[in-house]
Amino acid sequence: MLTRLRGSNNNLHDGITDQQQLHKKKEELVASIGRKLEILRAEREAIKEEMRLNQELGTEVTSKVEARARLAEAEKYKLHVEEIDKITSLLLGLSGRLARAENALIMLVDDADPEEKRILESKRDKLSEQLEEAKRLKENIDRRAIQVSKVLNQYLTEDQYADYDHFIKMKAKLIMDAREIDDKIKLGEEQQQALRETMFKNP
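Residues numbered from 1 in each chain as written. Predicted model: local features only at pLDDT ≥ 70, side-chain atom pairs only at ≥ 80, totals over all residues. Heavy atoms only, no water.

1. Overview of the overall build of the protein chain
When its secondary structure is counted, the protein chain shows four helices and zero strands. Secondary structure elements of the protein chain occur, N-terminal to C-terminal, as α-α-α-α. Taking 2.2 N^0.38 as the reference for a compact globule, 203 residues should give roughly 17 Å; the C-alpha atoms of the protein chain span a radius of gyration of 27 Å, well beyond that estimate. The principal-axis extent of the C-alpha atoms belonging to the protein chain is close to 100 × 45 × 20 Å. Among the 203 residues that make up the protein chain, the fraction classed as buried is 29%. Carbon and sulfur atoms make up 53% of the accessible area of the protein chain, which amounts to about 14,500 Å² in all. (Helix = DSSP H or I, 4+ residues; strand = E, 2+ residues; numbered from the N terminus. Rg over C-alpha atoms; globule rule 2.2 N^0.38 Å. Buried < 20%, exposed > 50% of the residue type's maximum accessible area, 1.4 Å probe, protein only. Areas by Shrake-Rupley, 256 points an atom, 1.4 Å probe, with all protein chains shown as cover.)

2. Some thoughts on the packing of helix H2 (residues 71-106) against helix H3 (residues 114-155)
Remark: H2 packs on H3, axes separated minimally by 8 Å, with the N-to-C direction vectors making an angle of 155°. Considered as vectors, H2 and H3 are oriented roughly antiparallel to each other. When the axes of H2 and H3 are compared, the crossing they make is left-handed. Of the residues that constitute the contact of H2 with H3, the class distribution is 21 nonpolar, four polar and 11 charged. (Axes fitted to C-alpha atoms, helices over the stretch in contact; angles between N-to-C directions. Parallel < 35°, antiparallel > 145°, perpendicular 65-115°, else oblique. Left-handed = near helix turned anticlockwise from the far one by under 90°. Nonpolar A, V, L, I, M, F, W, Y, C, P; charged D, E, K, R; others polar.)

3. Some thoughts on the confidence of the model for the protein chain
Mean pLDDT for the protein chain: 89, with 90% of residues reaching 70 or above. Within the protein chain, H3 carries the highest mean pLDDT (94), whereas helix H1 (residues 2-68) carries the lowest (84). (pLDDT = per-residue confidence, 0-100.)

4. Here's the deal with the nonpolar core
Core analysis: the largest hydrophobic core is formed by 27 residues, its most contacted members being Val-65, Tyr-77, Leu-152, Leu-156 and Tyr-164. Mapped onto this core, the elements with two or more residues apiece are H1, H2, H3 and helix H4 (158-201). The next biggest cluster of nonpolar side chains, apart from the first, holds 12 residues, and it includes Ile-47, Leu-174, Ile-185 and Met-199. (Core = buried A, V, L, I, M, F, W, Y, C linked by side-chain atoms within 4.5 Å.)

5. A look at the packing of aromatic side chains
In this structure the tally under the stated criterion is two aromatic pairs. Measuring from ring centre to ring centre gives 5.4 Å for Tyr-161 and Tyr-164, while their planes differ by 50°; the resulting arrangement is tilted. Remark: Tyr-164 and Tyr-161 occur in helix H4; sequence separation between them is three residues, near one turn of the helix. Residue classification places Tyr-161 among the buried residues on the basis of a relative accessible area of 18%. Residue Tyr-164 is classed as buried on the basis of its relative accessible area, which comes to 3%. Of the aromatic side chains, those joined through ring pairs into one cluster are Tyr-77, Tyr-161 and Tyr-164. (Phe/Tyr/Trp six-rings, centres within 6.5 Å; stacked < 30°, edge-to-face > 60°.)

6. Focus on the side chain of Thr-62
With respect to the helices and strands, the residue Thr-62 is situated in helix H1. At 3.4 Å, the side chain of Thr-62 and the side chain of Tyr-77 are in polar contact. Discounting residues that sit within four places of it in the chain, Thr-62 has contacts with Tyr-77 and Lys-78. (Polar contact = N/O pair within 3.5 Å; in protein donor to acceptor, adjacent residues only side chain to side chain. Contact = heavy atoms within 4.5 Å.)

7. A closer look at a positive patch on the surface
On the surface, a cluster of positive charge is contributed by Arg-97, Arg-100, Lys-123, Lys-126, Arg-179 and Lys-186. Taken together, the elements giving at least two residues each to the positive patch come down to H2, H3 and H4. Mapped onto the elements of the fold, Arg-179 is located in helix H4. Here Arg-179 falls in the partly exposed class, since its relative accessible area comes to 31%. (Patch = residues over 30% accessible without salt bridge, like charges linked within 9 Å, V, L, I, M, F, W, Y side chains within 5 Å. Salt bridge = Lys/Arg side-chain N within 4 Å of Asp/Glu carboxyl O. Lys, Arg positive; Asp, Glu negative; His and termini not counted. Charge placed at Lys NZ, Arg CZ, Asp CG, Glu CD.)

8. Regarding the pattern of salt bridges
Opposite charge on two side chains allows them to pair when their charged atoms are near. As enumerated under the stated definition, the model contains 17 salt bridges in all. Close ionic contact of Glu-56 with Arg-52 constitutes a salt bridge, the shortest N to O distance being 2.5 Å. Taken together, the positions of Glu-56 and Arg-52, both in helix H1 and four residues apart, correspond to about one turn of that helix. Note on Glu-56: relative accessible area 39%, which makes it partly exposed. Residue class for Arg-52 comes out partly exposed when judged on its relative accessible area of 40%. Residue Lys-171 is joined to Asp-85 by a salt bridge in which the shortest nitrogen-to-oxygen separation is 3.5 Å. Of this pair, Lys-171 sits in helix H4 while Asp-85 sits in helix H2, and the two are 86 residues apart along the sequence. With a relative accessible area of 31%, Asp-85 lands in the partly exposed category. A cluster of three or more residues bridged by salt bridges with shared partners is formed by Glu-49, Arg-52 and Glu-56.

Encoded structure:
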């Protein structure tokens, strides 16, 4: 009888120990994610500063273009800059939404509601069409970029044109970098929150 009681107590002790170890591992993982999030947030601030500096460079280029080019040419240049901003954000947004729609379809179980599957497939197809249309718009903008470059070459020195080229290339790159960092931060925060919820439910 005493032997059985001792065995039962040992099993209980082992169970508690396992729970404590699991809880400790979760705490360590939450802390690890927290450290990674700190690094990512610091990177986000650095990108914001790069964007600010690049915008200052763009403002300088715009001032030179406005001072030297004809009004219609300057307006065309400014429209081109705006289009690059918008099309880059649009492509990133549509690509992200399409990826999430495709993942949702992959995660559907075999016996999923046919109506739910149809809605997801319709959403995926619509996003795919929108993304292709956005890519065609990007191609048109790239073609217009050639015309804008020809105009700017008439009014800017070699160094000033190099500033314009750097500004335009960095503008698109920094938008993409910022979106990538934001997505990583969002994912990390979601993982951290999910872990904390399991710790609260199973202390």
